[in-house]
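As a plain string of letters, each chain reads:
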Amino acid sequence: MSSLTVPVSPSTASQDGIVLRGVSKHFGDHAAVREVDLDIARGEFFTMLGPSGSGKTTLLRLIAGFEVPDAGSISLRGVDVTSKPPYQRGVNTVFQDYALFPHFTVAGNVAYGLRVRKVARSERDSRVRAALEMVRMTEFADRKPAQLSGGQRQRVALARAIVNEPEVLLLDEPLGALDLKLRQEMQVELKRIQRQIGITFIYVTHDQEEALTMSDRLAVFRDGQIEQIGHPVDVYEHPATEFVAGFVGTSNVIMTQHGRAVLRPEKVELSTGPVSSDREGAAGHVADVAYLGMVTRYTVQLGDGRLITAVQQNRSTDGEHGRFAPGDVVTASWNVADAFPLKTTSATEIQ
Amino acid sequence: MSDRGLRQRAGAALWRRPWLRGVLTLSPPLLWFLVIYLASLVVMLVTAFFTVNSLTGNVVYQWTWSNFSQILTQSVYGSIILRTLLMAIAVTITDILLALPFAFFLAKVVSRRWRQLLLGLLLMPLWASYLAKVYAWINILSNKGVLPGIESKLGIAPTHIAYTNIAMWIVFSYLWLPFMIVPIYGAFERVPDSLLEASSDLGAGSWITFRWVLLPMVLPGIVAGSIFTFSLTLGDFITPLLIGGSNSDFIGNAIYDSALNGGNLPFAAALAFVSIAIMAIYLLLARFAGAFEAL
């Protein structure tokens, strides 16, 4: 069992973490999860990213033990837990709707798991206090969940899970119900807590920005399978398939000599001159302009009729300076190396 | 001015004065409630403090406690009240024990289609006449009935429970069971599945989850259902008449006797007062348990 204070560095030894082999789950005719293999290292912040219905939540529920797989095995630190009930797995879950017990106080909710496991009262009290301190909810200990805001409930749900010192914490879209500002605050908070207690976090979200911000590694799900798995930078800069390129950020898909390639909008530069020899590009005219504050997004129609999206930083406070207007003739260019070739046999193209 | 103009102006005047709308819509039912219901109740309770001249049979309009002291001192009324009260408690407890698993099954286990079917089956007996159901039970329990018949076929000594308090207990428990299941089912429905998963996730087995999460959350539903079973049993006089034995009189039977056979309306009113008092105490206790938050 991991301790609350000693940070554990991510380890690659799969014996130490979570190992999924050939895990499948069907609901009626619908295959929610299809033969997924996955290794998650101990202490890792691992994110499962995908659109709704892509199987990420089902896989989380399989790891939690709320569902039993039709095929495959799940093991935790070398122990097969495939058919064990949730309470024998050493994992705890933070639910999307928080699932706080309405008739218990904040402290009562946090103490629940310890009471169930018959932890002595004095130890229970001190651990509840420590957990509430960690999520900065000490002063709300005697409130009922109904008296708390969404963000506060979220913190209580987190404290209720981590107080049990699980080996793995499962988080099912925990920030989905919060507004943007609070969500960003909680993202930082979650990372802080994860570093502090050093346990494995498995995080489900459909928010690609959240996934990129928080994860050590992330897996992009589609139709019950993992489309790509890797470090955030890897997945963003080198998307394996067109689906990943489209789901994680926005992107242009262009044709090069080597076939189709992904080109991120921020890598495209707009200018009025000709394309320099070390770059690739084409001339066209601005079809659409969207001012987004930090950046401006242009849609450029190239000579051959194709559309390409370019994002330029608004470096000047002068709203007009260096910007283009619809109808302007421009040259869109990019570094050859920035166009990342797509695998020709991606799942996208098979279907 | 045209009719239409007048109507529009009246409508606008009402729109601007929400309180006037409230008064106009609420006053007919409120008046009905006050005159028909509360006033007659008050008249009845006042009557409880009068007596009847035993020779002429006329009501003597003189304030006295004699009806109440008679109820409190004569042991026959004490045992009638006690029997009614104990039966109401026994039926309520029985229905709680029967309803809890059924309502849980209905709300949390079965599929949507089965749930609709079972709810339909559960509510169907409510369409049948009360008397028909009691007579059906007489057919089941009486000496030549279905139950002893089955028992003798199986070679078991036939039970003779018709016309006993046990028969009454069975019939009452059957009659009022739907009134217990429905509110408990509603309470179970309001418990999100994620709470049960959270409890399991935090290490609790089924019993602890039931005891610590489900039971406290459905308690208001249980209390709400018990108000039905308790008050319906408390006020009944037909089932004791039809399937109760020689010593099975309820408060309702005593009221019936003194009002219709004895012609002593003040004494019947005093007995009714006892029923109302018991129910009032029960409702206060129920309120204490938070039952009305669930209604």
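The structure presented is a predicted model; accordingly, all values stated were derived computationally and were not measured.

Here the focus is the overall build of chain B. Looking only at helices and strands, chain B has 13 helices and 2 strands in total. Since a compact globule built from 295 residues should have a radius of gyration of about 19 Å, the 25 Å found for chain B marks it as more spread out than a globular shape. C-alpha atoms of chain B, sized along the principal axes, occupy 80 × 65 × 40 Å. The buried share among the 295 residues of chain B stands at 28%. Nonlocal contacts in chain B, meaning residues at least 24 apart in sequence, comprise 69% of its contacts between residues at least 6 apart.

Residue and element names in this part refer to chain A. What the 4 strands build is an open sheet, ordered β2-β1-β4-β5; its pairing is antiparallel. The sheet terminates laterally at β2 (30-40) and β5 (79-80), the two strands that pair on one side only. Across 7 bridges, the pairing between strand β1 (residues 18-27) and β2 is antiparallel. Of the residues in β2, the one forming a bridge with Lys-25 is Val-33.

The next subject is the domain arrangement of chain A. Residue and element names in this part refer to chain A. On domain assignment, one finds that chain A holds domain 1 (14-240) and domain 2 (250-350). The straight-line distance from the C-alpha centre of domain 1 to that of domain 2 is 38 Å. The interface of domain 1 with domain 2 comprises 6 residues on the first partner and 5 residues on the second. Here the side of domain 1 that touches domain 2 is composed, by residue class, of 2 nonpolar, 1 polar and 3 charged.

Time to look at the nonpolar core. Ile-63, Val-110, Ala-159 and Ile-202 of chain A together with Ile-184 of chain B are the most contacted members of the largest nonpolar core, which has 127 residues in total. Sort the elements by how many residues they give to this core and helix α8 (residues 165-189) of chain B lands first, with 13 residues. Not counting chain neighbours up to four residues away, the residues in contact with Ile-202 of chain A comprise Ile-40, Phe-46, Met-48, Leu-60, Ile-63, Val-168, Leu-170 and Leu-171 of chain A. Formed by 14 residues, the second largest nonpolar core is a distinct cluster that contains Phe-250, Ile-251, Ala-268 and Val-274 of chain B.

Right, let's get into the domain arrangement of chain B. Bring the parts together and some accessible area is lost; that lost area is often taken as the interface size. By domain assignment, chain B separates into domain 1 (4-47) and domain 2 (75-293). A straight line from the C-alpha centre of domain 1 of chain B to that of domain 2 of chain B covers 36 Å.

For chain B, per-residue confidence averages 88 on the pLDDT scale, and 97% of positions sit at 70 or higher. Across the predicted assembly, pTM comes out at 0.78 and ipTM at 0.80.

What counts and how
Residues numbered from 1 in each chain as written. Chains lettered and ligands numbered in written order. Predicted model: local features only at pLDDT ≥ 70, side-chain atom pairs only at ≥ 80, totals over all residues. Helix = DSSP H or I, 4+ residues; strand = E, 2+ residues; numbered from the N terminus. Rg over C-alpha atoms; globule rule 2.2 N^0.38 Å. Buried ≥ 20, exposed ≤ 12 C-beta atoms within 10 Å, placed from the backbone. Contact = placed C-beta atoms within 7 Å. Pairing = 2+ DSSP bridges. Domains from an automatic or database assignment. Nonpolar A, V, L, I, M, F, W, Y, C, P; charged D, E, K, R; others polar. Core = buried A, V, L, I, M, F, W, Y, C linked by C-beta atoms within 7 Å. pLDDT = per-residue confidence, 0-100.

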